[in-house]
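# Residue-level structure breakdown
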Amino acid sequence: MTSRQIRQAFLDFFAARGHRIVPSAPVVPHGDPTLLFTNAGMNQFKDVFLGTGKREYTRAVDTQKCIRVSGKHNDLEEVGYDTYHHTLFEMLGNWSFGDYFKEEAIGWSWEFLTSELQLPKDRLHATVYRTDDESYEIWKKYLPESHIHRFDEKDNFWEMGDTGPCGPCTEIHFDRTPDLSGGPLVNAGVPEVIEIWNNVFIQYNRTSDGTLEDLPSRHVDTGMGFERLCAVMQKKDSNYDTDVFQPIIAFTEDLCGKSYRTELDHPDGVAMRVIADHIRTLSFAIADGAHPGNEGRGYVLRRILRRAARYARNLGLTEPVLWKHVAILC
Ligand code: SER
């Protein structure tokens, strides 16, 4: 399947289950001073979770542009040197606002991955928060216990920042090892076993003094890494080998006359991955109203722009070339 077909399949699957398809919010979170950039699909629904806002629907599905380059979620330094972190990525999400909860969320994520997308069941592992027996029991309907793992707050309690809506989560990981031996590699930070989908059960609000308050209702916030899912579906070891990134990389290759190298430590490969990643972040951020500058959000963008330009020079591209890549994204 192409990346476009994968995205559409996700939206259609949840629309058929009563979810309203809603647009991505801008990557610049106008109106939320706690964030420099939209870092998760749930940001635009924060008011609904806190009980201070309402929507005219209780189920939604979307694909959200997210930027993770500052604050609690910051992947900038990994980018270019691995196969699956990005400064900008799309997060496919389905949402319940005080409507369905764990049973449906887990059941539908299993059905989407194994029936709709036909991913092999024996390559899937689930993680649950250490005390979340309810999610553990639900997963037992779908997975053997050797594929269900308990982790603590670091991996299975999701928070958007220092304050805000949060709760325990259950993640789905995909095992790429040839002999299906990836169980011990879940959450080990290796590309052989990667997290593809996080289902968060939003129940609490973290206040500025660090305490957890119960929210008026319980909600579901899910986020699936679109570029990772494309890699898994297209049977690629690296997100950069999918149709999401290959056209950008091919363009850089043409400009500099060098071939893309997939080795993680090859300087030309690192440089082309950095450019392919950073041009997406810069383009979407600027299109959504941010500008490179001297402080705050603008300074973060300026650092990304400089980083991309530095790697372009490493490829021998001494003229300004980043702007030329924008046309490939359109
Ligand atoms: N909020 C969760 C995350 O960002 C799930 O969407 O991972």
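Presented here is an overview of the structure given in this document.

Cut-offs applied
- Residues numbered from 1 in each chain as written.
- Predicted model: local features only at pLDDT ≥ 70, side-chain atom pairs only at ≥ 80, totals over all residues.
- Heavy atoms only, no water.
- 1 Å grid on protein atoms, 1.4 Å probe; cavity = no way out; pocket = protein on both sides within 12 Å on 5 of 7 lines; lining within 4 Å.
- Points joined across faces, edges and corners; volume = space filled by probe spheres on them.
- Helix = DSSP H or I, 4+ residues; strand = E, 2+ residues; numbered from the N terminus.
- Nonpolar A, V, L, I, M, F, W, Y, C, P; charged D, E, K, R; others polar.
- Salt bridge = Lys/Arg side-chain N within 4 Å of Asp/Glu carboxyl O.
- Buried < 20%, exposed > 50% of the residue type's maximum accessible area, 1.4 Å probe, protein only.
- Pairing = 2+ DSSP bridges.
- Near = heavy atom within 4 Å.
- Polar contact = N/O pair within 3.5 Å; in protein donor to acceptor, adjacent residues only side chain to side chain.
- Areas by Shrake-Rupley, 256 points an atom, 1.4 Å probe, with all protein chains shown as cover.
- Sits in = over half its atoms within 2 Å of the grid points.

Let us look at the layout of surface pockets. A volume near 1,100 Å³ is recorded for the largest pocket. For the largest pocket, the lining is made up of 43 residues, of which Arg-68, His-85, Glu-171, Glu-195 and Arg-228 are closest to its centre. The set of elements that each furnish at least two residues to the lining of the largest pocket consists of β4 (73-74), β5 (88-97), α5 (153-156), β8 (157-159), β9 (164-175), β10 (193-206), β11 (212-225) and α6 (226-233). The leading source of residues in the lining of the largest pocket is β10, at seven residues. Considering only residue class, the lining of the largest pocket consists of 16 nonpolar, 14 polar and 13 charged. In this model, the second largest pocket occupies a volume close to 510 Å³. Together, 18 residues line the second largest pocket, and Arg-4, Arg-7, Glu-90, Arg-280 and Leu-329 are the ones closest to its centre. Among the residues making up the lining of the second largest pocket, the classes are represented as nine nonpolar, three polar and six charged.

Okay, the pattern of salt bridges next. For the structure on display, the rule yields 18 salt bridges. Among the salt bridges present, the one from Glu-153 reaches Arg-130, with a minimum N-O distance of 2.5 Å. On the criterion of sequence distance, the pair formed by Glu-153 in helix α5 and Arg-130 in the loop between β6 (124-129) and α4 (133-139) is long-range, its members being 23 residues apart. Each of Lys-102, Asp-132 and Glu-134 takes part in salt bridges that share partners, so that together they form one network.

So, about the pairing of β9. In terms of residue burial, β9 counts as a mostly covered element, since twelve of its twelve residues are buried. Direction of pairing for β6 relative to β9: antiparallel, over a ladder of four bridges. Residue pairing in the sheet places Ala-126 in a bridge with Ile-172 of β9. Relative to β9, β8 runs antiparallel, the two sharing three bridges. Within β9, the residue paired with Glu-159 across the bridge is Cys-166. Joining the antiparallel neighbours β8 and β9 is a turn of four residues. Here ten bridges tie β9 to β10, and the two strands are oriented antiparallel to one another. Among the inter-strand pairings, Cys-166 is bridged to a residue of β10, identified as Tyr-204.

This part covers the site of the ligand. Around the ligand, the neighbouring residues are Ala-40, Met-42, Arg-68, Met-91, Trp-158, Asn-198, Val-200, Asp-221, Thr-222 and Gly-223. Within the side chain of Trp-158, a nitrogen or oxygen atom sits 3.4 Å from an oxygen atom of the ligand. Between an oxygen atom of the ligand and a side-chain N or O atom of Asp-221, the distance comes to 2.6 Å. Surface burial for the ligand is 96%, taken as the share of its 230 Å² of free accessible area covered by protein chains. In this structure, the ligand is accommodated by the largest pocket. Secondary structure elements with two or more residues in the shell around the ligand: β10 and β11.

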